[in-house]
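Notes for the structure review
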Amino acid sequence: MNDSALAIHIARGYLNLGMTSMARQTLEEFPIHPKSPPEAFLFLLSLYQDGSCWEKVQDLAERLIRSQPKEPAWWIYKAMATRYLDSVGSSEEILKEAENHFPLNGRIQLQLACCASCLNRLEEACQRLARAVLLDARLSEEAKAEPDLEPVWQQFFFAEFEPGWGRPEGGYRLGIRVPS
């Protein structure tokens with residue numbers, strides 16, 4: 001077992017015992033350098049996020065972007081922390097910079113859709129949502145549960161009950177409203 005796997009194993013053990021601070025401490029002691037495996041940092045970032053430690057999320061994500069610039073997750077975590085510490089607009093700026101580095105990353109597109117929706121740019125949000133799902137179909141379920149996208153679902157998507165629609169009891173027809 002290598003150092004990172006051992007650190008993650010120990011941290012998960014602490015977490016299973018309800019010792020979140022010890023889990024964080026175990027992972028915080030893991031050194032950050034370009035060859036460090038991302039798993040330990042993803043785990044630490046998720047622990048910080050679960051504890052709403054947004055300053056720590058932002059600080060760690062910024063350091064990881066400098067040391068491991070080819071990992072899109074660091075940009076997403078930085079943007080998320082910035083959203084809670086500053087604003088949706090500031091978060092969106094970070095995500096747009098990330099989009100320049102990772103134009104085919106569906107998760108970045110999904111987060112940009114959330115920002116656009118929160119800023120009431122629903123057509124843009126719908127376009128970004130469609131792009132996110134085209135890039136990574138697995139994001140469709142996550143998008144359906146995303147509260148930030150609720151206005152997009154309400155404005156552009158619908159499900160209508162139609163009696164007799166192929167069955168005696170009727171059925172639902174799904175559709176997309178196209179803006180005029």
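Sequence order as written defines the numbering, with residues in each chain counted from 1. Local features in this predicted model are restricted to residues of pLDDT 70 or higher, and side-chain atom pairs are both shown and tallied only at a pLDDT of 80 or more, whereas totals for entire chains, interfaces and linings draw on every residue. Derived side-chain values reflect all non-hydrogen atoms in the structure, with water molecules and hydrogen atoms excluded from consideration.

Here we come to the overall build of the protein chain. Here a strand is any run of E in DSSP of at least two residues, a helix any run of H or I of at least four, and the numbering for each starts at the N terminus. Scanning the protein chain from terminus to terminus reveals ten helices and two strands. Listed by position from the N terminus, the elements making up the protein chain come as α-α-α-α-α-α-α-α-α-α-β-β. Among the 180 residues that make up the protein chain, the fraction classed as buried is 41%. For this analysis, residues touch if any pair of their heavy atoms sits within 4.5 Å. Look at the contacts in the protein chain between residues 6 or more apart in sequence, and 45% of them connect residues 24 or more apart. Within the structure as shown, the protein chain displays about 10,400 Å² of accessible surface, and the carbon and sulfur contribution to it stands at 53%. To sort residues, take the accessible area from a 1.4 Å probe on protein chains only and compare it with the maximum for the residue type: under 20% means buried, over 50% means exposed, and anything in between is partly exposed. Per-residue and other accessible areas were derived by the Shrake-Rupley procedure at a 1.4 Å probe size, with only the shown protein chains allowed to occlude residues.

The next subject is the pattern of salt bridges. Between Lys or Arg on one side and Asp or Glu on the other, a salt bridge is scored when a side-chain nitrogen of the former is within 4 Å of a carboxyl oxygen of the latter. Summed over the entire model, instances satisfying the criterion amount to ten salt bridges. Among the ionic pairs, D59 bridges to R63, the shortest N-O distance being 3.4 Å. With D59 and R63 both in helix 4 (residues 54-67), this residue pair falls four residues apart, about one helical turn. Residue class for D59 comes out partly exposed when judged on its relative accessible area of 39%. The residue R128 makes a salt bridge to E99 at a minimum N-O spacing of 2.9 Å.

Okay, unusual backbone geometry next. The residue S52 is not glycine, and still its phi comes out positive at about 55 degrees. Tracing the sequence through the fold places S52 in the loop between helix 3 (38-50) and helix 4. Judged by its relative accessible area of 47%, S52 is partly exposed. Its identity is not glycine, yet N120 carries a phi of approximately 60 degrees, on the positive side. Mapping N120 onto the fold places it in the loop between helix 7 (106-118) and helix 8 (122-135).

Okay, the packing of helix 3 against helix 5 (residues 72-85) next. Each pair of packed helices can be described by the angle between their axes along with the distance between the axes. Here an axis means a line fitted to C-alpha atoms, over the contact stretch when the element is a helix, while the angle between two N-to-C directions is reported on a 0 to 180 degree scale. Relative to each other, helix 3 and helix 5 sit at 15 degrees, their axes nearing to 11 Å. With respect to their mutual orientation, helix 3 and helix 5 come out roughly parallel. Helix-helix and strand crossings are classified by hand; for helix 3 and helix 5 the assignment is left-handed. Of the residues in helix 5, those in contact with P38, F41, L42, L45, S46 and Q49 of helix 3 are A73, W74, Y77 and M80. Looking at side-chain class alone, the contact of helix 3 with helix 5 contains eight nonpolar, two polar and no charged residues. Roughly parallel refers to an angle under 35 degrees, roughly antiparallel to one over 145, roughly perpendicular to one between 65 and 115, and oblique to any angle outside these ranges. In this scheme the handedness of a crossing depends on how the near helix is turned from the far one: anticlockwise by less than a right angle means left-handed, clockwise means right-handed. In this classification, Asp, Glu, Lys and Arg are treated as charged, Ala, Val, Leu, Ile, Met, Phe, Trp, Tyr, Cys and Pro as nonpolar, and every other residue, Gly included, as polar.

To estimate how far a helix should reach, multiply one less than its number of residues by 1.5 Å. An ideal rise of 1.5 Å per residue puts 18 Å on 13 residues; helix 7 measures up with 18 Å between its terminal C-alpha atoms. Where burial is concerned, most of helix 7 is hidden: eleven out of the 13 residues are buried. For helix 7, every residue scored as buried is listed here: G106, I108, Q109, L110, Q111, L112, A113, C114, C115, A116 and S117. Here the buried face of helix 7 lies against helix 5, helix 6 (88-101), helix 8, helix 9 (139-144) and helix 10 (150-156). In protein, a polar contact means a hydrogen-donor-capable atom and an acceptor-capable atom, both N or O and within 3.5 Å, with residues adjacent in sequence counting only if both atoms are side-chain atoms; elsewhere, any N or O pair within 3.5 Å suffices. The N-terminus of helix 7 is capped by N105, whose side-chain oxygen sits 3.0 Å from the backbone nitrogen of R107. The positive-phi residue at the C-terminal boundary of helix 7 is N120, with phi of around 60 degrees.

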